[in-house]
Number of protein chains: 2
Amino acid sequence: MNGRTGTPVTIGAMESSSTTPGGSARREATRQKLYEAAVTLIAEQGFSATTVDEIAERAGVAKGTVYYNFASKSVLFEELLRHGVGLLTASLRQAAETTAAEGGSRVDALDAMIRAGLVFIDRYPAFTQLYVAELWRTNRAWNSTLLVVRQQAVAVVEGVLHEGVAQGEFSEEIDVPLTAAALVGMVLVAALDWKSFQPGRSLDDVHAALSRLLQGRVSGRR
Amino acid sequence: MNGRTGTPVTIGAMESSSTTPGGSARREATRQKLYEAAVTLIAEQGFSATTVDEIAERAGVAKGTVYYNFASKSVLFEELLRHGVGLLTASLRQAAETTAAEGGSRVDALDAMIRAGLVFIDRYPAFTQLYVAELWRTNRAWNSTLLVVRQQAVAVVEGVLHEGVAQGEFSEEIDVPLTAAALVGMVLVAALDWKSFQPGRSLDDVHAALSRLLQGRVSGRR
DNA sequence: GTTTTTGCACTGACCAGTCAGTTCAAGTTA
DNA sequence: TAACTTGAACTGACTGGTCAGTGCAAAAAC
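Residues numbered from 1 in each chain as written. Chains lettered and ligands numbered in written order. Predicted model: local features only at pLDDT ≥ 70, side-chain atom pairs only at ≥ 80, totals over all residues. Heavy atoms only, no water.

**Describing the protein's contact with DNA strand D**
For clarity, the threshold we go by: Only heavy atoms are used to decide nearness, and a residue is near a molecule or strand if one of them lies within 4 Å of it. What qualifies as a polar contact is a pair of N or O atoms within 3.5 Å, subject to a donor-acceptor requirement within protein and to the restriction that residues adjacent in sequence count only when both atoms come from side chains. Only DSSP runs of H or I reaching four residues or more are called helices, and only runs of E reaching two or more are called strands; each is numbered from the N terminus.
Contacts to DNA strand D come from 18 residues, most closely from A:Thr30, A:Ala62, A:Thr65, A:Tyr68 and B:Lys63. Per the 4 Å cut-off to the protein, sugar and phosphate atoms form 74% of the nearby atoms of DNA strand D. Within the contact set of DNA strand D, a phosphate oxygen lies 2.5 Å away from a side-chain nitrogen or oxygen of A:Thr65. In the environment of DNA strand D, a phosphate oxygen lies 2.6 Å from a nitrogen or oxygen atom belonging to the side chain of A:Tyr68. Secondary structure elements with two or more residues in the surface near DNA strand D: α2 (25–45) and α4 (63–69) of chain A together with α4 (63–69) of chain B. For the surface near DNA strand D, the element with the highest residue contribution is α4(A), accounting for four residues.

Given below as C-alpha cells:
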C-alpha cells in the first residue's frame, strides 16, 4: 500500500526484490512499513538506542508483528542493509552502463556515478547515514553482511577505474582500490554534509563541486 | 605519563589540554585511562551498547571512580569528543602553517593537511571511527558539541581554499564549503578503509593516491 | 587532613524476546 | 449468498535480564 501511493522518502519504500519469495502481499506490506520505520529511527539514534517498541509504534504495528516477520532485531537490521545497498549498486551500475552505451568516456562514467550516488543519498538520506555509521564498526553481529555489501558497491567503481587504466584513459600509476575508496568517501561525506549542514544547496551544486574535484580543476597543474 | 613513555595508540594518550584546570596529576591520569578505555569500546560497539562497567573494567578502575570524575556517561563522551577534535585541528593547522612558512603553495598546504589527517587517523583510528559514526546523527545529546567541533576542523581546510582562490592559485569557480567537505570526506573514508580493509598498505601509499586525486592526475583533462 | 579511589550492594527504569489468544481473508460447502 | 472452516497474520501483556546511576564506609594517595 505504502510503496505505491506516495513519493518514497526512505529506504522502506524500495521495491521489494523478493526478500522472501513466498511472502504474501499483506506480509510484504508489513515488512515495508517496518523497514521504513526502522531506517529513520536507527539513523537518528543508532542501532542499540532504538527499541523494538519504537519501531513497531512508528510502523503502526504491534511488537509481536515485528517478531513474526523477523527473527530478531539484528536480522531486521541486516535485511534492511542488504535491501538498501542492493538498490545503490544497481543504480551505480546502471549509470556506468548508460554512459558506456552512449559512447561516453570513463571520466564521464565516473561523473555519472557520482551523480547517481548523490541522487540515491538525496532520496534515502537516512539509509546512507546509517550505513556510514556502521560500516567501520568491528565486532558486530552484522559485520560479515556489511563486508559483502561494501565490496559490492566499491567493486562497481573499481571496475570503471580498471577499464580506464586498461584503455589508457587513466594514468597507470593510480592505485585502484585506494582511489575507489577515496571517491566513494568523497561522495558520501560531501552528500551527508550537504544534507546536514548546507541543505539549501541544490543537487547540481554539489555535483558540480565534486565533478570539478574529480577532474582536477581545483588544483590541477603539472 | 602514557603520552611520554610509549607510542600512544588511542586518543586517551593525547596531551591534556586542561579539561579541568584545577585537576591534580593523579586525577588527570585517571581521566586519561578512562578516555582511552571509552574510545576503543565505543568505536567498536557504539555509545549505547557500551556499558559504564565495561569502561571502568578496561580502564582498571572502579565504577565509582567514573562517576567521581565525570557527571555521567554522556558527559564523559562529550569531553572525549572535544579532546580528540582539538588535537586534530591543531595538527591540521600546524601542517598548513609549516607549509606556508617554508614558502610552499596552497596546493602544498592541502597536501600537507591530507598527510597530517592520515597521520592522525593512523595514530587514533578508534577516535576517527567514532567521530564519523556520530557526526551526522541528529537528536542526540551531544549534537551541539559535534557541530562546533566539526566546524572547527572544516574551517581550517576552508581557510586554505579561500586563500588559494584569493591569490588566484585556485579557480574562482570552486565552491569552498562543498569542496572542503569533500576533501575532508575523501581523507576520512579513504583512511578508515585503509585501516579496516587494506591494513597492509603504507601511509605513503594512501597519501600518494589521495595526492594524485587532489592534483587531478587521475582523470585530469581540459 | 584532604582529595581521590575502592568495592559493592541496591534501585528503578527499560527492553528484547515470548506466547496464548484474536482477527483477517480466502476459500469451501450448502 | 450466507454460514462455516482454516491457516496465516497479528496482538499486547508478561518475563527475565540488564544497566545507569546512587550511597557509603573504609582504604590509599598526596
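So that's the structure; there's more coming.
**Observations concerning the nonpolar core**
This is how it is decided: Buried residues of nine kinds, namely Ala, Val, Leu, Ile, Met, Phe, Trp, Tyr and Cys, make up a nonpolar core once their side-chain atoms join them within 4.5 Å. Residue burial is assigned from relative accessible area. The probe radius is 1.4 Å, only protein chains are included, and a residue is buried under 20% of its type maximum, exposed over 50%, and partly exposed in between. We call two residues contacting when some pair of their heavy atoms lies within 4.5 Å.
A:Leu118, A:Leu161, A:Leu210, B:Leu118, B:Leu161 and B:Leu210 are the most contacted members of the largest nonpolar core, which totals 144 residues. Ignoring sequence-local partners within four residues, the contact set of A:Leu118 consists of A:Val187, A:Ala191, A:Trp194, A:Leu203, A:Val206, A:His207 and A:Leu210.

**Regarding the interface of chain B and chain A**
Rules: Once two parts are brought into contact, the accessible area they lose, counted with a 1.4 Å probe and summed over both, makes up the buried area. Each reported salt bridge corresponds to a side-chain nitrogen of Lys or Arg within 4 Å of a carboxyl oxygen of Asp or Glu.
Listed by partner, the interface residues are 58 residues for chain B and 58 residues for chain A. For the pairing of chain B and chain A, the buried interface totals around 5,400 Å² over both sides, and the portion due to carbon and sulfur atoms is 59%. Three residues, B:Trp136, B:Arg137 and B:Leu178, lead the burial of chain B against chain A; their summed loss comes to 14% of the area buried on that side. At the junction of chain B and chain A, the tally comes to six salt bridges. B:Arg212 is paired through a salt bridge with A:Glu173; the nearest N and O atoms lie 3.7 Å apart. Between chain B and chain A we count 12 residue pairs in polar contact (both at pLDDT 80 or more) in total. Within the residue set of the side of chain B that touches chain A, elements represented by two or more residues are α2 (25–45), α6 (106–123), α7 (125–135), α8 (143–166), α9 (176–197) and α10 (203–214) of chain B. Of the residues forming the side of chain B that touches chain A, the biggest block, 14 residues, is contributed by α9(B).

**Observations concerning the confidence of the model for chain A**
Our working rule: Per-residue confidence from the prediction method is given by pLDDT, with values spanning 0 to 100.
Residues with a pLDDT of 70 or more make up 86% of chain A, whose mean pLDDT is 84. Here residues 1–21 of chain A scores under 50 on pLDDT; set against residues more than four positions off or in separate chains, the count is 42 contacts.

**Observations regarding the pattern of salt bridges**
A pair can form between side chains of opposite charge whenever their charged atoms are brought close. In the structure shown here, the tally under the stated rule is 20 salt bridges over all chains. Taking the shortest distance from any N to any O, the salt bridge between A:Lys63 and A:Asp53 comes out at 3.2 Å. Linking A:Lys63 in helix α4 with A:Asp53 in helix α3 (residues 52–59), this pair joins segments that are 10 residues apart in sequence. Between A:Arg137 and A:Glu134 there is a salt bridge, with the nearest N and O atoms lying 3.4 Å from each other. Exposure class is identical for A:Arg137 and A:Glu134. Each is buried. Linked by salt bridges that have partners in common, A:Asp175, B:Arg201 and B:Asp205 make up one network.

**Observations concerning the protein's contact with DNA strand C**
We apply this condition: Gly is put with the polar residues, along with every residue not named as nonpolar or charged; the nonpolar set is Ala, Val, Leu, Ile, Met, Phe, Trp, Tyr, Cys and Pro, and the charged set is Asp, Glu, Lys and Arg.
Taken together, 17 residues lie around DNA strand C, and A:Lys63, A:Tyr67, B:Thr30, B:Thr65 and B:Tyr68 are the ones closest in. Considering DNA strand C, the proportion of its atoms within 4 Å of the protein that are sugar or phosphate atoms stands at 71%. Contact distances for DNA strand C include 3.1 Å between a phosphate oxygen and a side-chain N or O atom of B:Asn69. For the surface near DNA strand C, the elements supplying multiple residues, two or more each, are α4 of chain A together with α2 and α4 of chain B. Per-class residue counts for the surface near DNA strand C are five nonpolar, seven polar and five charged.

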